[in-house]
Structure formats: C-alpha cells, structure tokens
Amino acid sequence: MDQVVADYIVLLGPPGAGKGTQAQIVARTLGLPHISSGDIFRENLQNQTPLGQQAKVFMERGELVPDEITIAMIRERLLRPDCAQGALLDGFPRTPPQAKALEQMLAELGGRILVVPFISVAEQVLIERLSGRWTCRAQGHVYHEKFNPPKQSGVCDVDGSELYQREDDKAETVANRIRVYFAQTAPLIDYYRQAGLLVEIDGAQPIEKVTADLLEAIRARQ
Ligand code: ADP
Ligand code: AMP
C-alpha cells in the first residue's frame, strides 16, 4: 500500500501581499487548517499569555519574534491532530532556520511541502494596502477600506465582530516590517526556488484572480 503523505503549503510574500486574505479562502476551499503565526501571536497577546508577553516587544517594533520561540509555537500547533493531513502555513517560515526546522517537523509528521506560492507585490503597493487594512477582532478576517471593504463599516461580514487597525500597521512600523522582510525572509525565495517548490503568483491582481492562480498552482502539484 502507498504510504499517505500529508501535504503542507507554505505561503510566502512580503507583509501586505495578501497572504492572510488568500489563506482564509484557499484553506476553506481545500479543507485545510489555516495556520497563521501572526494570528497565533496576536491571540496570545490579547489573552496576555507568557508567549504573548515574550512576543509583544518584537511585534510592536515590527521585528521578528526570535526563532526559538516561534519554532516551538508552530511545532506545538502542527502536532495537533487537525494538521495530520496537511495545513496551509501563512507567515511561517520567515527565516532560514525556521525553514530548516519546518523540514524536521514535517519529517517527523510524515509530511512534505507540496508547493510554496510566492505572492509578489511591488513595495509601494504594500504600504497602501497595510495603511488601509482593517482586521476582525474575533478571527482575524481581513478587509481593506478601499480594495475590499466590509458591507458595513467597522463590522466583520463573517462573524459580526468589531474591525480594528493593527498597531503594527502604522507607517513607521510598516517601514520596518518591510525592511525586516527583505533582510530576513526574502532569502527564502531563492531557497525554495532551488528546491523546485516555488511558484510565483502576481499578487497585484484582483483578489479573486490571485485565488484562482493559487488554486491552479496547488492543484498542478497534487
Ligand atoms: P498579508 O497577510 O500578506 O500581510 P493581507 O491578506 O492582510 O496581507 O492583505 C493586506 C491588505 O491588502 C488587506 O487590507 C487586504 O484586504 C488587502 N488586499 C489583499 N489582497 C489584495 C488584492 N489582491 N488587491 C487589493 N487589496 C488586497
Ligand atoms: P503577520 O500577522 O504575519 O503580519 O505577523 C505579525 C508579526 O508577528 C510580525 O511582524 C512578527 O513580529 C510576528 N511574527 C509572525 N510570524 C512570525 C515568524 N514566522 N517569525 C517571527 N516573527 C513572526
């Protein structure tokens, strides 16, 4: 009998590229859990857990939370039963050591990375997107005041919760997050390209077109 291999998808791209927006749609379409490291950190921050307290200062500055903390958190999440058949990773890995750690975790889980869609968007567009982003308090659903507005201003279409502007979406912090992305995360583009896993997706297109391209890239590998 063939061994069943669980497929994990890694969404790569700068802050504001549309990873969260796409992950929510694609995860639902494919029936995969959506694992967003940023959402998990924000939840811990909100609940004032020890992990949230450790992450707080880095997140406020727009810096990465140290690898050791981030890897332990994702490891705990991926070992839960709902990820046994695969998952859609959004925002992890973000450094080469995180990428190596993911490979080790997947080897333990009997899984593999199926594909790494890289959602690419020009830098000027990122700033406009992040400065108009509104996020849902309850589950992190994402809107944009111009490009993807909610039906009712300030209220999430999906769960009716309050929408807020993330503290790290203010201009100074955004600039730092983009710098951090180029310095620490962008090397993963070549890393996954060399591994034959990278597929570049044009993230400047309308949301539905980006979704269609992503689903096509994923299905082509299944
Ligand atoms: P990321 O998770 O990569 O940081 P998000 O999914 O939160 O990015 O998207 C950032 C902002 O851009 C949000 O306000 C979202 O509504 C908006 N957005 C996402 N995709 C698009 C798109 N294809 N066109 C225009 N705006 C978009
Ligand atoms: P995001 O929601 O993906 O924009 O992430 C928000 C913030 O959470 C980042 O600016 C980091 O401070 C932290 N964070 C999220 N994912 C990671 C990661 N993989 N490694 C380190 N820090 C992370």
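Up top you'll find the structure we're talking about.
None of the values given here were measured: they were computed from a predicted structure.

### Thoughts on the site of ligand 2
Of all residues adjacent to ligand 2, which total 16 residues, the nearest are S37, R42, E63, G91 and Q98. Between a nitrogen atom of ligand 2 and a side-chain N or O atom of S37, the distance comes to 2.8 Å. Within the contact set of ligand 2, an oxygen atom lies 3.4 Å away from a side-chain nitrogen or oxygen of R177. If ligand 2 stood free it would expose 480 Å²; the protein chains cover 96% of that surface. At four residues, helix α2 (residues 37-46) tops the list of elements feeding residues into the shell around ligand 2.

### Remarks on the sheet that holds strand β8 (residues 198-202)
Pairing within the open sheet is parallel, and its five strands lie in the order β2-β3-β1-β4-β8. A strand with exactly one partner marks an edge of an open sheet, and here the two such strands are β2 (34-36) and β8. Direction aside, neighbouring strands of the sheet carry axes that sit 25° apart on average. The pairing of β2 with strand β3 (residues 86-90) spans three bridges and is classified as parallel. Along β3, the bridge assignment pairs H34 with L88. Its contacts with the sheet put helix α9 (residues 207-219) on β1 (6-11), β4 (111-120) and β8, and the angle it makes with β8 is roughly 165°.

### Describing the sheet that holds strand β5 (residues 133-136)
Two strands in a sheet stick together by hydrogen bonds in their backbones, pointing the same way (parallel) or opposite ways (antiparallel). One open sheet holds the three strands; their spatial order is β6-β5-β7, and the pairing between them is antiparallel. Here the strands that pair on one side only, and so sit at the sheet edges, are β6 (142-144) and β7 (163-164). Looking at chain direction, β5 and β6 are connected through three bridges and run antiparallel. Counterpart to W134 in the pairing with β6 is Y143.

### Details of helix α8 (residues 187-194)
Taken together, the buried positions of α8 are occupied by L188, I189 and Y192. Projection of α8 onto a plane perpendicular to its axis shows the buried side chains occupying an angular sector of 110°, all on one side. As for α8, its buried residues are in contact with α5 (96-109), β4, α7 (171-185) and β8. Immediately downstream of α8, the backbone of G196 shows phi near 75°, a positive value.

### A few points about the environment of R75
Looking at the element boundaries, R75 is found in helix α4 (residues 67-78). In the structure, R75 is positioned 31 residues away from L106 in sequence and 9.7 Å away in space, judged by C-alpha atoms. In this structure, R75 is in contact with M105 and E108, ignoring residues within four places of it in sequence. There is a polar contact of 3.1 Å between the side chain of R75 and the side chain of E108.

Criteria and cut-off values
One numbering rule holds for all chains: residues counted from 1, following each sequence as written. Chain labels run from A onward and ligand labels from 1 onward, assigned in the order the entries are written. Local features in this predicted model are restricted to residues of pLDDT 70 or higher, and side-chain atom pairs are both shown and tallied only at a pLDDT of 80 or more, whereas totals for entire chains, interfaces and linings draw on every residue. Each side-chain value is derived from all of the structure's non-hydrogen atoms; neither hydrogens nor water enter the calculation. Whether a residue is near a molecule or strand is decided by its heavy atoms; if any one of them lies within 4 Å of it, the residue is near. Throughout this description, a polar contact denotes any pair of N or O atoms lying within 3.5 Å of each other; where both atoms belong to protein, one of them has to be capable of donating a hydrogen while the other can accept it, and for residues adjacent in sequence the pair is counted only when both atoms sit in side chains. Residue burial considers only the protein chains on display, and all accessible areas are found by Shrake-Rupley using a 1.4 Å probe. Each helix is a run of H or I in the DSSP string that is no shorter than four residues. Each strand is a run of E no shorter than two, and both are numbered from the N terminus. Only when DSSP finds a minimum of two bridges between them are two strands counted as paired. Axes, fitted as lines to C-alpha atoms, cover a helix only where it is in contact. Angles between the N-to-C directions of the axes lie from 0 to 180 degrees. Any pair of residues with heavy atoms lying within 4.5 Å of one another is described as a contacting pair. When accessible area is computed with a 1.4 Å probe and restricted to protein chains, residues below 20% of their type maximum are described as buried, those above 50% as exposed, and intermediate ones as partly exposed. This arc corresponds to the set of directions leading from the helix axis out to the C-beta atoms.

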